[in-house]
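# Structural overview for review
What follows is the residue order along each chain.
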Amino acid sequence: MRILAAVVAFLLFASSATPVHAAWPNSPFTNLPLCTAADNQETPRIIPDGTGGAIVTWQDFRSGTNYDIFAQHVLASGAVDPAWPADGRALCTAANDQNLPMIVPDDSGGAIVTWQDGRSGTNWDIYAQHVLASGAVDPAWPADGRALCTAANYQIYPMIAPDGSGGAIVTWQDIRNGGFYNIYVQHVLASGAVDPAWPADGRALITMANNQTDPMIVPDGSGGVIVTWEDYRSGTVSDIYAQHLLASGAVDPAWPTGGNALCTAAGDQNSPMIVPDGAGGAIVTWYDLRSGTNFDIYAQHVLASGAVDGAWPTDGRALCTAANDQFYQQIVADGAGGAIVTWQDYRSGTNFAIYAQHVLASGAVEPAWPADGRALCTAANNQYSPTIVADGAGGAIVTWVDYRSGNYDIYAQHVLTSGAVDGAWPTDGRGLCTAANTQNYPIIAPDGSGGAIVAWTDYRSGTGSDIYAQRVEGFGRLGNPEPTIASLRDVPYDNGGRLKLSWAASYLDAAPFNGIYQYEVWRSIPPGAAQARLRGGARLLRPDALAPLARDGALLATANGTQTIYWEYVATQPARRFAGYSYELPTTGDSVAAGIPVTQALVLALASDGYSFWTSQPMSGYSVDNLAPAAPAPFTGEYAAGSATLHWGRNAEADLAGYRLYRGTVPGFVPGPANLVSALADTGYTDVAGQPYIYKLTAVDVHGNESPVATLSPSGTLAVDGSGAATLAFAPPSPNPANARTVLRYTLPGAGAVKLAIYDAAGRQVRVLAAGVREAGEHAEAWDLRDEGGRAVRAGLYFARFEAAGVARVRRVAVAR
């Protein structure tokens with residue numbers, strides 16, 4: 001189930017995207033530098049770009065005087081976007097410090113970034129900026145960002161959510177009223193204007209007594225947001241609250257005015273994290289001191305109505321109450337109304353480890369997972385600061401800072417929806433970065449095909465901190481183990497129906513990995529043909545019903561927007577440690593005048609472990625019939641009583657559409673629409689012409705290819721000189737090159753003995769096509785590319801030798817297989 005779900009997840013992405021994986025490093029010592037400018041670059045944040053890459057933002061001290069805000073785009077290929085500046089696009093370089101940037105997609109390949117801003121010189125304010133997919137700062141927005149709040153005193157720790165219309169909603173903790181922090185929210189439109197329906201310095205979400213801090217925000221799916229925070233209104237401990245803000249900017253009247261209490265248990269509840277539930281509500285997790293002795297991990301579900309979900313325990317579901325402390329929890333939606341939560345865990349009493357737990361939409365802990373969470377890493381020394389993304393198949397990928405080597409490195413692990421740690425990944429996680437010195441603050445985004453892109457603050461240079469990134473794909477390999485389709489091109493000199501598929505091998509198909517067993521070629525088929533096969537009993541592969549990949553005629557269906565693409569297995573190519581491979585792929589249709597049927601192909605690299613696989617991105621191509629039929633032969637006729645009765649041999653081509661008959665008065669006339677007599681399906685025609693004409697005849701295939709001309713003069717001969725007298729002629733073979741048959745035509749000015757034979761390149765006689773006396777006029781002999789024994793000859797160069805009237809003439813014939 002997991003393998004097929006990953007196939008579908010990848011194809012859903014790849015069939016709607018064009019980048020080709022190629023350049024991500026596959027060594028944990030190398031990684032991809034996003035910014036290595038002078039001084040420090042810190043606290044990166046990341047979002048997926050929607051096409052397999054990511055946009056990363058950070059605070060940057062390259063000026064040497066203050067922190068500014070920069071961003072960079074890394075493509076799905078692993079290349080830094082060449083349209084963006086080499087060390088990142090400056091989003092704000094205003095006076096004094098700007099820091100703690102947060103980022104969301106703009107749904108058009110760009111991003112909106114918010115930060116706390118000290119340009120006033122007296123207090124922190126909240127600003128935002130829009131960077132386009134092109135790498136340019138949106139010219140409709142102010143050069144150093146749009147002010148969302150410049151109220152008195154401090155506004156700090158902004159968090160951001162997309163509004164679903166290209167803008168964003170930002171929340172922060174605000175001390176404008178003096179004494180205590182409250183929670184405010186502001187809406188910036190896609191145009192760069194602050195929403196005029198909202199108050200100028202933001203909507204007060206909660207202004208209760210004492211402090212409300214650490215707000216977190218998610219979209220509600222309807223243009224509004226749900227915000228959760230740590231709340232000290234009790235005056236003794238911190239609790240967890242949430243509130244719903246409508247798209248209009250109004251606080252949802254269905255929710256309690258002071259926010260909905262998600263947990264008011266004894267002791268402190270801290271650092272809430274939130275994800276939408278997919279139905280207008282949200283799941284919130286936090287670390288909890290109700291036990292009075294150590295922090296545990298809890299979660300709660302608030303419905304779109306504002307009610308706390310009655311199926312969940314009052315004050316939250318315990319996800320982990322193991323010994324000692326668990327905290328720094330992070331959360332991701334599971335795609336089914338529940339969530340997966342990860343945290344750093346001190347249950348061993350000797351070092352921090354990384355654990356995760358799955359809570360269902362019902363509020364129950366997933367029974368397939370251990371009661372106090374699945375251990376993702378319990379390696380030596382400490383593992384800190386996990387972050388998490390969904391894998392697209394019900395599981396999650398978690399990354400963290402790891403001290404097992406005595407140096408801070410970046411690791412990651414994959415937990416399946418079943419609760420098992422992915423067996424394709426190393427025990428205790430895959431090392432993403434084990435370069436020199438310290439790497440810290442990892443952040444993670446999905447790559448759209450079951451893997452992830454991780455960025456972090458990196459001190460490998462020894463002189464300052466930089467921003468690096470690394471891709472880890474769904475089976476735990478670094479970089480790009482996917483094969484890459486190089487081309488899908490028409491096979492020339494054939495009757496169509498074939499494309500040459502060429503691909504570069506997976507980097508695992510080489511020493512020292514030797515990790516690829518074989519490649520599978522898959523082909524798209526038209527929806528109509530797929531439906532007919534399904535009606536005939538073919539199986540449709542589904543993510544929830546594992547089937548082999550797939551020798552039994554089963555089909556795979558994927559989506560490209562509103563279009564369904566159907567795929568069928570075609571062939572297997574054993575892995576041979578080659579740099580590249582090719583395969584002649586049969587198509588489902590050739591180009592014709594009415595249109596160009598496109599065939600899509602993709603290649604799967606299957607691992608030697610029998611479990612892992614990597615899929616290329618699809619590529620489209622179309623096949624062309626570029627071989628004309630042979631000229632009709634023999635072409636004969638009689639003229640009597642003002643009518644010409646014409647006859648010719650039927651062509652053998654399977655794709656023959658018919659014939660075209662032309663007439664003229666001189667031997668050199670050029671066939672064309674003006675002298676076309678008729679388009680014919682049969683092999684005979686009576687032309688009531690009133691006088692003798694010269695006739696020219698061609699054969700035409702279904703793709704519009706027209707054969708060489710067969711000519712019939714009034715005397716019945718094919719070849720005439722300028723005076724009209726017949727001459728000896730030996731025409732070039734047609735078609736040439738040939739892959740099934742070729743026709744050789746000759747003309748005799750009078751009756752006589754002839755010999756027409758085929759010889760190979762060494763001069764050996766292969767086949768005699770004609771021998772003996774022939775009448776004057778046109779003659780044609782077909783060679784089926786076989787020798788005297790009926791065996792197909794090999795591809796190569798052959799010679800047709802024609803002897804008559806003491807003259808010998810030779811034509812070359814190229815045989816293509």
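Residues numbered from 1 in each chain as written. Predicted model: local features only at pLDDT ≥ 70, side-chain atom pairs only at ≥ 80, totals over all residues. Heavy atoms only, no water.

## Overview of the overall build of the chain
Helices and strands together make up the secondary structure of the chain, namely two helices and 56 strands. Against the compact-globule benchmark of 28 Å for 817 residues, the chain has a radius of gyration of 37 Å, which places it well outside the compact range. Across the 817 residues in the chain, those meeting the buried criterion constitute 53%. Taking the intrachain contacts of the chain between residues at least 6 apart in sequence as the baseline, contacts between residues at least 24 apart amount to 55%. Surface exposure of the chain reaches about 30,900 Å², of which carbon and sulfur atoms provide 53%. Here the chain holds 47 positive side-chain charges and 72 negative ones, and the gap between their average locations is 16 Å. (Helix = DSSP H or I, 4+ residues; strand = E, 2+ residues; numbered from the N terminus. Rg over C-alpha atoms; globule rule 2.2 N^0.38 Å. Buried < 20%, exposed > 50% of the residue type's maximum accessible area, 1.4 Å probe, protein only. Contact = heavy atoms within 4.5 Å. Areas by Shrake-Rupley, 256 points an atom, 1.4 Å probe, with all protein chains shown as cover. Lys, Arg positive; Asp, Glu negative; His and termini not counted. Charge placed at Lys NZ, Arg CZ, Asp CG, Glu CD.)

## Things to note about the packing of aromatic side chains
Per the stated rule, a full pass over the model turns up 22 aromatic pairs. Ring geometry for Tyr 287 against Phe 295: centres 4.8 Å apart, planes inclined by 90°, an arrangement best described as edge-to-face. Assigned by exposure class, Tyr 287 and Phe 295 land together as buried. Centroid distance Tyr 346 to Phe 352: 4.8 Å. Interplanar angle 45°. Geometry classified as tilted. (Phe/Tyr/Trp six-rings, centres within 6.5 Å; stacked < 30°, edge-to-face > 60°.)

## Details of the sheet that holds strand 43 (residues 635-640)
Pairing in this open sheet of three strands is antiparallel, and the strands run 43-44-47 from one edge to the other. Whereas interior strands pair on both sides, the edge strands pair on one side only; in this sheet they are strand 43 and strand 47 (684-687). Taking each pair of neighbouring strands and ignoring which way they run, the sheet shows an average axis angle of 15°. Note that strand 44 (residues 643-648) and strand 47 share four bridges and pair antiparallel. Along strand 47, the bridge assignment pairs Thr 645 with Thr 686. (Pairing = 2+ DSSP bridges. Axes fitted to C-alpha atoms, helices over the stretch in contact; angles between N-to-C directions.)

## Looking at the sheet that holds strand 51 (residues 742-748)
Spatially, the three strands line up as an open sheet ordered 50-51-54, and their pairing is antiparallel. Each of the sheet's edge strands pairs with one partner strand only, and the pair in question is strand 50 (729-730) and strand 54 (777-783). Where strand 50 meets strand 51, two bridges bridge the pair, whose relative direction is antiparallel. Following the sheet pairing, Phe 730 is matched in strand 51 by Tyr 746.

## Quick notes on the environment of Ala 420
Relative to the helices and strands, Ala 420 resides in the loop between strand 28 (409-415) and strand 29 (430-433). Expressed as a C-alpha distance, the spacing of Ala 420 and Ala 368, which sit 52 residues apart in the sequence, is 8.6 Å. Residues in contact with Ala 420, not counting those within four places in the same chain, are Arg 374, His 414 and Val 415.

## A short note on unusual backbone geometry
Following Ala 633, the chain continues into Pro 634 via a peptide bond in cis, with omega recorded as -15°. Here Pro 634 is to be found in the loop between strand 42 (619-621) and strand 43. Cis geometry marks the peptide bond from Ser 734 to Pro 735; its omega dihedral reads 0°. The topology assignment puts Pro 735 in the loop between strand 50 and strand 51. Positioned with a positive phi, Tyr 157 is a non-glycine residue whose angle comes to about 55°.

## With respect to the side chain of Asn 675
The topology assignment puts Asn 675 in the loop between strand 45 (656-664) and strand 46 (676-680). Only 2.9 Å separates the side chain of Asn 675 from the backbone oxygen of Val 670, close enough to count as a polar contact. When near neighbours in sequence (up to four residues on either side) are disregarded, Asn 675 contacts Leu 661, Tyr 662, Arg 663, Phe 669 and Val 670. (Polar contact = N/O pair within 3.5 Å; in protein donor to acceptor, adjacent residues only side chain to side chain.)

## Looking at the pattern of salt bridges
In total, this model carries 22 salt bridges according to the counting rule given. Glu 568 is paired through a salt bridge with Arg 523; the nearest N and O atoms lie 2.4 Å apart. One end of the pair, Glu 568, is in strand 38 (residues 563-574); the other, Arg 523, is in strand 35 (residues 516-525), and 45 residues separate them in sequence. Judged by relative accessible area, Arg 523 falls into the buried class, the value being 12%. Between Arg 650 and Asp 682 there is a salt bridge whose closest N-O contact spans 3.6 Å. (Salt bridge = Lys/Arg side-chain N within 4 Å of Asp/Glu carboxyl O.)

## Looking at the environment of Thr 457
Examined against the element boundaries, Thr 457 turns out to sit in strand 31 (residues 452-458). Judged by relative accessible area, Thr 457 falls into the buried class, the value being 0%. With 113 residues separating them in the primary sequence, Thr 457 and Gln 344 have C-alpha atoms 19 Å apart. When neighbours within four sequence positions are excluded, Thr 457 is seen to be in contact with Gln 41, Glu 42, Thr 43, Pro 44, Thr 438, Gln 439, Asn 440, Tyr 441, Ser 465, Asp 466 and Ile 467. Here Thr 43 takes part through its backbone nitrogen, which lies 3.5 Å from a polar atom of the side chain of Thr 457.

## Details of the confidence of the model for the chain
Interpretation of this model should avoid reading the predicted coordinates in detail wherever pLDDT is low. For the chain, per-residue confidence averages 91 on the pLDDT scale, and residues scoring 70 or more make up 94% of the total. Ignoring residues within four places in sequence, the model shows residues 543-548, a span with pLDDT below 50, making 13 contacts including any to other chains. In this model residues 716-726 is a low-confidence stretch, pLDDT under 50, and it forms 22 contacts with partners more than four residues away in sequence or in other chains. (pLDDT = per-residue confidence, 0-100.)

## Examining a nonpolar patch on the surface
A cluster of nonpolar side chains, namely Ile 596, Val 598 and Tyr 622, defines an oily patch on the protein surface of about 280 Å² accessible area. Take Val 598: its relative accessible area is 48%, and that puts it in the partly exposed class. (Patch = residues over 30% accessible without salt bridge, like charges linked within 9 Å, V, L, I, M, F, W, Y side chains within 5 Å.)

## What about the environment of Gly 338?
Here Gly 338 shows up in the loop between strand 22 (326-333) and strand 23 (339-345). With 56 residues separating them in the primary sequence, Gly 338 and Ala 282 have C-alpha atoms 9.4 Å apart. Beyond its immediate chain neighbours, meaning those up to four positions away, Gly 338 contacts Ile 283, Ala 333, Val 359, Leu 360 and Ala 361.

## Here we look at the state of the cysteines
Throughout the structure, instances matching the rule amount to zero disulfides. The thiol of Cys 263 is unpaired, and the distance to the nearest cysteine sulfur, on Cys 320, comes to 16 Å. Cys 377 supplies the cysteine sulfur nearest to Cys 433, a cysteine that is in no disulfide, at a spacing of 16 Å. We classify Cys 433 as buried; its relative accessible area is 0%. (Disulfide = S-S within 2.5 Å.)

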